[in-house]
Amino acid sequence: MEEKIGARILEYFGSNMDSYLSSLLEHIILSVLALLLACLIGISFGYLAIKNNKKERMIVTGFQVLRIIPSLAILILLIPIMGTGTEPALIALVLLAVPPVLMNTITGLKEVPDFMLETASGVGMTQRQVLWNVKFPLALPLILTGIKTAFLEIIASATLASKIGAGGLGDIIFTGLGLNRTDLLLIGGISVAMLSVSGGLLLEVFDRVIL
């Protein structure tokens, strides 16, 4: 049985390599775009929450509530508004990924020691300089941790994008489910797992380089 599955996997790659690489590229592009947008939104709103404490609860609660809704449910809800394809899938993934980036940004900025801020102000730094030269550099390790968490969630959840025609490795997995083909399930599942591990390692290297 194992030999048969192995032979099918080799046969698949022998005749469908272009299709596989296309699905892999679609998955990567969708995941990276979702991560970039999530970072932009999460870090921006994290800073806004710290700058105005009255808005913090509203911002945090709003994004956390959105996160409770399953990605597939968001995809289905967006279909009547945006139709099918990449855009609704991108929105669903961004909503999923913003909370860890947002929460870690808020925590990281809050944990900057007061004496560091006082010292920075004492040497004549403006508020903008304190923000970019003190607050964000010290908060960066926690922010990067949130980004790593978000990216792993995005890669795993992006498999659902194929349900609405956005492509990606989910096409292989759902085809395998529909045809009851273990080889396709293994190809899709292992590819997603390897992509998650590779993404985590790349972010870890980036983390070590800039910190």
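In this report, we go over the structure that sits alongside the text. Here the structure is a predicted model, which is why all the values come from computation and not from measurement.

1. Brief notes about helix H7 (residues 170-179)
Here is step 1: Three or more residues of H7 are buried, namely Gly170, Ile172, Ile173 and Gly176. For H7, the angular spread of the buried residues around the axis is 165°, confining them to a single face. When the buried face of H7 is taken as reference, the exposed residues oriented beyond 90 degrees from it are Gly178 and Leu179.
Here is step 2: Two residues or fewer after H7 comes asparagine 180, characterised by a positive phi angle close to 55°.

2. Side note on the environment of threonine 61
Here is step 1: Counting through the fold element by element, threonine 61 comes out in helix H2 (residues 53-68).
Here is step 2: You can call threonine 61 partly exposed: its relative accessible area is 42%.
Here is step 3: Sequence separation between threonine 61 and glutamate 26 is 35 residues, and the spatial gap between their C-alpha atoms is 32 Å.

3. As for the packing of helix H4 (residues 86-110) against helix H6 (residues 127-157)
The relative placement of two packed helices comes down to the angle between their axes together with the axis-to-axis distance.
Here is step 1: Where H4 meets H6, the closest approach of the two axes is 8 Å, and the angle between their N-to-C directions is 160°. The angle between H4 and H6 falls in the class roughly antiparallel. Relative to H6, the crossing made by H4 is right-handed.
Here is step 2: When its residues are assigned to classes, the contact of H4 with H6 shows 13 nonpolar, eight polar and two charged.

4. Quick notes on the pattern of salt bridges
Here is step 1: In total, this model carries three salt bridges according to the counting rule given.
Here is step 2: With a shortest N-O distance of 2.9 Å, lysine 148 and glutamate 204 are connected by a salt bridge. Of this pair, lysine 148 sits in helix H6 while glutamate 204 sits in helix H8 (residues 182-210); the two residues are 56 residues apart in sequence, bridging distant segments of the chain.
Here is step 3: A relative accessible area of 30% means that glutamate 204 is categorised as partly exposed.
Here is step 4: A salt bridge links arginine 208 to glutamate 204, with the nearest nitrogen and oxygen atoms 3.6 Å apart. Of this pair, arginine 208 and glutamate 204 both sit in helix H8, four residues apart, roughly one helical turn.

5. Quick word on the side chain of serine 196
Here is step 1: Secondary-structure assignment places serine 196 in helix H8.
Here is step 2: You can call serine 196 buried: its relative accessible area is 16%.
Here is step 3: Look past the residues within four positions of serine 196 in its chain and what remains in contact with it is Leu152 and Ile155.

6. Points about the environment of isoleucine 9
Here is step 1: Tracing the chain through its elements places isoleucine 9 in helix H1 (residues 2-51).
Here is step 2: Remark: the alpha-carbon pair of isoleucine 9 and valine 192, spanning 183 residues in sequence, is separated by 16 Å.

7. Observations concerning H2
Here is step 1: A rise of 1.5 Å per residue sets the reference length of H2, with its 16 residues, at 22 Å; its end C-alpha atoms lie 23 Å apart and thus fit the reference within 8%.
Here is step 2: Buried within H2 we find Glu56, Ile59, Val60 and Phe63. One side of H2 holds all its buried residues, which, seen down the axis, span an arc of 95°. Exposed side chains of H2 directed beyond 90 degrees from the buried face belong to Lys54, Arg57, Met58 and Ile68.

How each quantity is defined
- Residues numbered from 1 in each chain as written.
- Predicted model: local features only at pLDDT ≥ 70, side-chain atom pairs only at ≥ 80, totals over all residues.
- Heavy atoms only, no water.
- Buried < 20%, exposed > 50% of the residue type's maximum accessible area, 1.4 Å probe, protein only.
- Helix = DSSP H or I, 4+ residues; strand = E, 2+ residues; numbered from the N terminus.
- Arc of directions from axis to C-beta.
- Axes fitted to C-alpha atoms, helices over the stretch in contact; angles between N-to-C directions.
- Parallel < 35°, antiparallel > 145°, perpendicular 65-115°, else oblique.
- Left-handed = near helix turned anticlockwise from the far one by under 90°.
- Nonpolar A, V, L, I, M, F, W, Y, C, P; charged D, E, K, R; others polar.
- Salt bridge = Lys/Arg side-chain N within 4 Å of Asp/Glu carboxyl O.
- Contact = heavy atoms within 4.5 Å.
- Expected span 1.5 Å × (residues − 1).

Distances and angles like these do not, on their own, reveal function.
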